[in-house]
Amino acid sequence: MGFSKNSRANRRSSSSYCSTITMTMFVCFCLLGVWMLTSSAVAPGQRGGFAQSTIRKETRTQVSSSRAYEDNPGDLPDDAIRGDEQKSGTNKPDDQNEDEPSMESPSKNGGERSEGGGNAGYNNEEPDKNSDQILVERNDGGNHESHLEEREEAKELEGRESEPEHNSEQPIEDETKKQSTEEKEKSNEDQDSQQEPEKGEKQQSQREESAEYQQSQTDERNENQSAQSEGQGENQLESQSEDKEDSREDGQSDEKEENQQAIQSEKENEKEDTQQEDQSEQEDAENQQSATEESTEKEEFSGEEAKGWTQSQTTENQQQSQEEERANDSSMNDSFPNGSQSEILNVPKAENGSWATQASQSQNEKKRQNESHANNQGSAEKEGSIYDYTWELCNVTAGPDYIPCLDNELALKKLHSTGHYEHRERHCPEESPTCLVPLPWGYKKSLEWPGSRDKIWYHNVPHTKLAIVKGHQNWVKVTGEYLTFPGGGTQFIHGALHYIDFIQQSVPIIGWGKHTRVILDVGCGVASFGGYLFDRDVVTMSFAPKDEHEAQVQFALERGIPAISAVMGSQRLPFPSRVFDLIHCARCRVPWHADGGMLLLELNRVLRPGGFFVWSATPVYQKLKEDVEIWKEMTKLTISMCWELYKIKKDRLNSVGAAIYRKPFSNDCYNNRKHNNPPLCDKKDDPNAAWYVPLQSCMHKVPVDNDERGSRWPEEWPQRLRAIPYWLNRSQIGVYGKPVPDDFVADYKHWKRVVSKSYISGLGISWSSVRNVMDMRAVYGGFAAALSEMKVWVMNVVNVDSPDTLPIIYERGLFGIYHDWCESFSTYPRTYDLLHADHLFSRLDKR
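Structure report, in brief. (Residues numbered from 1 in each chain as written. Predicted model: local features only at pLDDT ≥ 70, side-chain atom pairs only at ≥ 80, totals over all residues. Heavy atoms only, no water.)

1. Things to note about the nonpolar core
Link 1 in the chain: Residues L520, W592 and M795 are the most contacted members of the largest nonpolar core, which totals 110 residues.
Link 2 in the chain: Excluding its chain neighbours within four sequence positions, the residues that come into contact with W592 are V522, M568, C585, G597, L599, L600, L603, F613, W615, M634 and L637. (Core = buried A, V, L, I, M, F, W, Y, C linked by side-chain atoms within 4.5 Å. Buried < 20%, exposed > 50% of the residue type's maximum accessible area, 1.4 Å probe, protein only. Contact = heavy atoms within 4.5 Å.)

Written out as structure tokens, the structure reads:
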């Protein structure tokens, strides 16, 4: 019996210990619930020392703070800022160990604050045992009645729960109270530093965490009790079962009380939300009323004040426009060497005698001849914006090869005659086309130079007629997916290089690449002659009409050889006078002797004095009746033009011959002619006028003054590239505002520096894939000169409304063309690999 009593006492002691643990945890959760309810009524202090002690006051503060932040983020209260920092991880996280004190720095709002909330500092010392009397104080010393009531309820609850416990368990309860007090202080501290913008969400999250934690503790207690009951008898199991039932009843009572508190808290939150919405609607109504009053005030602003404002605004707009214009000019000055160049706006007009433009020259010449080309000039700009247009593919017969000014079917139908190849000349639409030219089917990226000289992709230029008609002359052949070019031509079946050397041997003073640098190839075919002259440092302007030979110029451009679509017809070629060192025609099918030799006289205009004309055609070496008649007419014409028949030479390999003529250096022959036929042109006739100017059957005299362009031969290549042309004088102001010689040097240095430091390596351009280049506003040709050592060729374009600097470009050993950028260029689509436009469009928009 003694042993039995002792065992019973042990069981009762063990049961009491478990019950004590259970009640301790229950007290902890009760205190946690009290703290949760208490925290909902605590709000952080406002800037300037304001504080709230009730839930409604706190809610109003949060709403006003939130709206203030939307209007001005700089006015956000410091406590809200600390709340944002806590969310970003700068404050203590929620799952921080409860035994570790917070190390937050004091707040700056409302004087020095400790993290314990209010002015009650939090330290690392152990709190008093009578910790349940600690109150949460606010900065304003406000009302604490609600807090006191809640704490009294908590004390009464603790008293009721502690009554059935033995005295031996009191130290455990004291220790539990200490821990709960620390938790409360920590909670108050966290509440002050971690106030969240949305209280409802945080409270809900805390309730869920509390329920999960309570459930986990209950499971743990069950496991411990199960472990302690292992090996005990039946009575011990029954006693433990009774303890479990008591514990479950206590837990159910706890959960019920907690649920009631949660329901009450949610009702209070809903009431607060309703107040927030009412206040928000009231503020929105006030804002709307304020906006309506401002709108009314603006509408009432009229009369003289409105008029004065309009005038003032107009003046400001004009001043701003002038400032922008001056800024653009200043930026141009900065972009050139020494920063002293002005832009083209500062160039004196042609009437002042400084610079003539191609447009003025051509217009004056056409008026003098009483010829009108109003259909091709002066079309008014169409009002409206290009951005309002829907871009579509061009629906034209030419398809992927569409050239607007050469495929204008409407204009071609109105022509009265085609005897002088008028149908091959430029006839631009009255309205510029705003459609997109499609790619040919199967188009591929062009092959790189020099491989492209020998073959191109068939689908890039899918035409085979030339291969059928001229294949036996080695023009072009179809080889699989390529079109191949053996390098031959009608007059050089066995290759262009042999033919080029044949000309050099016939007239050694031609001096390819030294004395002769820039040449013109008339009726070029697929331009193999010009393509192989690159090996001799010669650049060739090749041209042929867009005719039944089907895209011969397009073949040349796809191969990487310079060419344009043009014809010897009824108008002057778009080049200055006296610029080509040599002109070549190999079976070019041009009737030179017709119309009083008008077409050959046009070659005389563009040929440099002392330059050569190489004519390789059947009348030179065949004795057919027609050839004999043509030869007689050519002989008579060339003699009257004072051209010297310098050499007639036969090429035995190709079974052809060439007649090589030379233009005179002086006017002696012109003055000593017995017959003034062809006549000399009128002194008022401008030989440089070349834009839509009709041909004339007359000759211009050779310049003889030392300071006149054409009186001397240029320096040999490559010195002529950098040499200042001898006929430029310092009395003339250049395009950029300096004397022309200084302008020329500055332009070359500028582009040499820009190309070497920026264009070559700084723009992401793969120069190995660049061959055909156009400078759309060339001025002196400095950009092309800077690229002269690269494997590219540059088409230099001088706008007809710009100073006429194209002769300077030819004098440097480069070539170019006149053009009006308000019209389409005379070339095929997909011609150029790179377009360079330096201050081009800023000048065109003034037209």
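From this point, the narrative continues.
2. Digging into the sheet that holds strand β14 (residues 793-799)
Link 1 in the chain: Spatial ordering of the open sheet is given by β15-β14-β13-β16, a layout of four strands whose pairing is parallel. Only two strands of the sheet have a single partner each, and these edge strands are β15 (816-819) and β16 (834-836). With direction set aside, neighbouring strand axes in the sheet form an average angle of 25 degrees.
Link 2 in the chain: Relative to β14, strand β13 (residues 772-775) runs parallel, the two sharing four bridges. Considered in β14, the bridge of D775 is made with N796. (Pairing = 2+ DSSP bridges. Helix = DSSP H or I, 4+ residues; strand = E, 2+ residues; numbered from the N terminus. Axes fitted to C-alpha atoms, helices over the stretch in contact; angles between N-to-C directions.)

3. Quick word on the side chain of D581
Link 1 in the chain: When you line up the elements, D581 lands in strand β9 (residues 580-586).
Link 2 in the chain: One polar contact links the side chain of D581 to the main-chain amide nitrogen of R517, over a distance of 3.0 Å.
Link 3 in the chain: In this view, D581 contacts H515, T516, R517, V518, L607, R608, G611, F612, W713 and R720; residues no more than four positions away in its chain are not counted. (Polar contact = N/O pair within 3.5 Å; in protein donor to acceptor, adjacent residues only side chain to side chain.)

4. Re the sheet that holds strand β7 (residues 539-544)
Note: strands within a sheet are paired through backbone hydrogen bonds, in either parallel or antiparallel orientation.
Link 1 in the chain: If you walk across this open sheet you meet the seven strands as β8-β7-β6-β9-β10-β12-β11, and the pairing is mixed. Where the open sheet ends on each side, the last strands, each with one partner, are β8 (563-565) and β11 (644-651). Strand after strand, the sheet turns through a mean of 20 degrees between neighbouring axes, direction not considered.
Link 2 in the chain: Both strand β6 (residues 518-522) and β9 contribute to a ladder of four bridges, which runs parallel. Following the sheet pairing, V522 is matched in β9 by C585.
Link 3 in the chain: Strand contacts of helix α12 (residues 496-506): β9, β10 (607-616), β11 and β12 (656-662), with the helix running at about 135 degrees to β11, the strand carrying the most contacts.

5. As for a nonpolar patch on the surface
Link 1 in the chain: Residues W391, L393 and L436 make up a contiguous nonpolar surface patch of roughly 320 Å² in combined accessible area.
Link 2 in the chain: Along the chain, the position of L393 falls in strand β1 (residues 392-393).
Link 3 in the chain: Accessibility expressed as a relative area gives 57% for L393, which makes it exposed. (Patch = residues over 30% accessible without salt bridge, like charges linked within 9 Å, V, L, I, M, F, W, Y side chains within 5 Å. Areas by Shrake-Rupley, 256 points an atom, 1.4 Å probe, with all protein chains shown as cover. Salt bridge = Lys/Arg side-chain N within 4 Å of Asp/Glu carboxyl O.)

6. Considerations on the packing of aromatic side chains
Link 1 in the chain: The full count for this structure, using the stated rule, is 24 aromatic pairs.
Link 2 in the chain: Taken together, a centroid distance of 6.5 Å and an interplanar angle of 40 degrees make the contact between F492 and F529 tilted. Note that F492 is positioned in the loop between β5 (482-484) and α12 and F529 in helix α13 (residues 528-533), a separation of 37 residues in sequence.
Link 3 in the chain: Ring-pair connections join several aromatic residues into one group, and the members of that group are F492, Y499, F502 and F529. (Phe/Tyr/Trp six-rings, centres within 6.5 Å; stacked < 30°, edge-to-face > 60°.)

7. Thoughts on the state of the cysteines
Link 1 in the chain: Considering all chains together, one arrives at five disulfides under this definition.
Link 2 in the chain: What pairs with C642 in a disulfide is C669, and their sulfur atoms sit 2.0 Å apart. Looking along the S-S bond of the C642-C669 disulfide, the torsion reads about -85 degrees, which is the left-handed sense. Of this pair, C642 sits in the loop between α17 (625-640) and β11 while C669 sits in helix α18 (residues 668-671), and the two are 27 residues apart along the sequence.
Link 3 in the chain: Residue C642 is classed as buried on the basis of its relative accessible area, which comes to 8%. (Disulfide = S-S within 2.5 Å.)

8. Observations regarding the environment of C585
Link 1 in the chain: Among the structural elements, C585 can be located in strand β9.
Link 2 in the chain: By relative accessible area, C585 is classed as buried at 1%.
Link 3 in the chain: In this structure, the C-alpha to C-alpha distance between C585 and A617, residues 32 residues apart in sequence, is 7.8 Å.
Link 4 in the chain: If near-sequence neighbours (up to four positions away) are discounted, C585 is found in contact with V522, W592, F613, V614, W615 and S616.

9. Some words on α17
Link 1 in the chain: With 16 residues, α17 extends 23 Å from end C-alpha to end C-alpha; this agrees with the ideal 22 Å at 1.5 Å per step.
Link 2 in the chain: Looking only at α17, the buried set comprises D627, I630, M634, L637, T638 and S640. Angular distribution of buried residues about the axis of α17 spans 155 degrees; they occupy a single face of the element. Opposite its buried face, α17 presents the exposed residues K625, K632, K636 and I639, each directed more than 90 degrees away. (Expected span 1.5 Å × (residues − 1). Arc of directions from axis to C-beta.)

10. Here we look at the side chain of S565
Link 1 in the chain: Examined against the element boundaries, S565 turns out to sit in strand β8.
Link 2 in the chain: Aside from chain neighbours lying at most four places away, what touches S565 is I403, L406, A544, V553, S826 and Y828.

11. Quick look at the pattern of salt bridges
Link 1 in the chain: In this structure the tally under the stated criterion is 13 salt bridges.
Link 2 in the chain: Residues D501 and R536 are paired through a salt bridge, measuring 3.1 Å at the closest nitrogen-oxygen approach. Here R536 lies in the loop between α13 and β7 and D501 lies in helix α12, a separation of 35 residues in the sequence.
Link 3 in the chain: On the accessibility criterion, D501 (29% relative accessible area) is partly exposed.
Link 4 in the chain: Classification of R536 by relative accessible area gives partly exposed; the value is 27%.
Link 5 in the chain: Taking the shortest distance from any N to any O, the salt bridge between R608 and E811 comes out at 3.3 Å. Residue R608 is found in strand β10, and its partner E811 is found in helix α22 (residues 806-811); the two are separated by 203 residues along the sequence.
Link 6 in the chain: The class for R608 is buried, based on a relative accessible area of 1%.
Link 7 in the chain: A relative accessible area of 6% places E811 in the buried class.
Link 8 in the chain: One salt-bridge network, in which partners are shared between bridges, spans D581, R608, R720 and E811.

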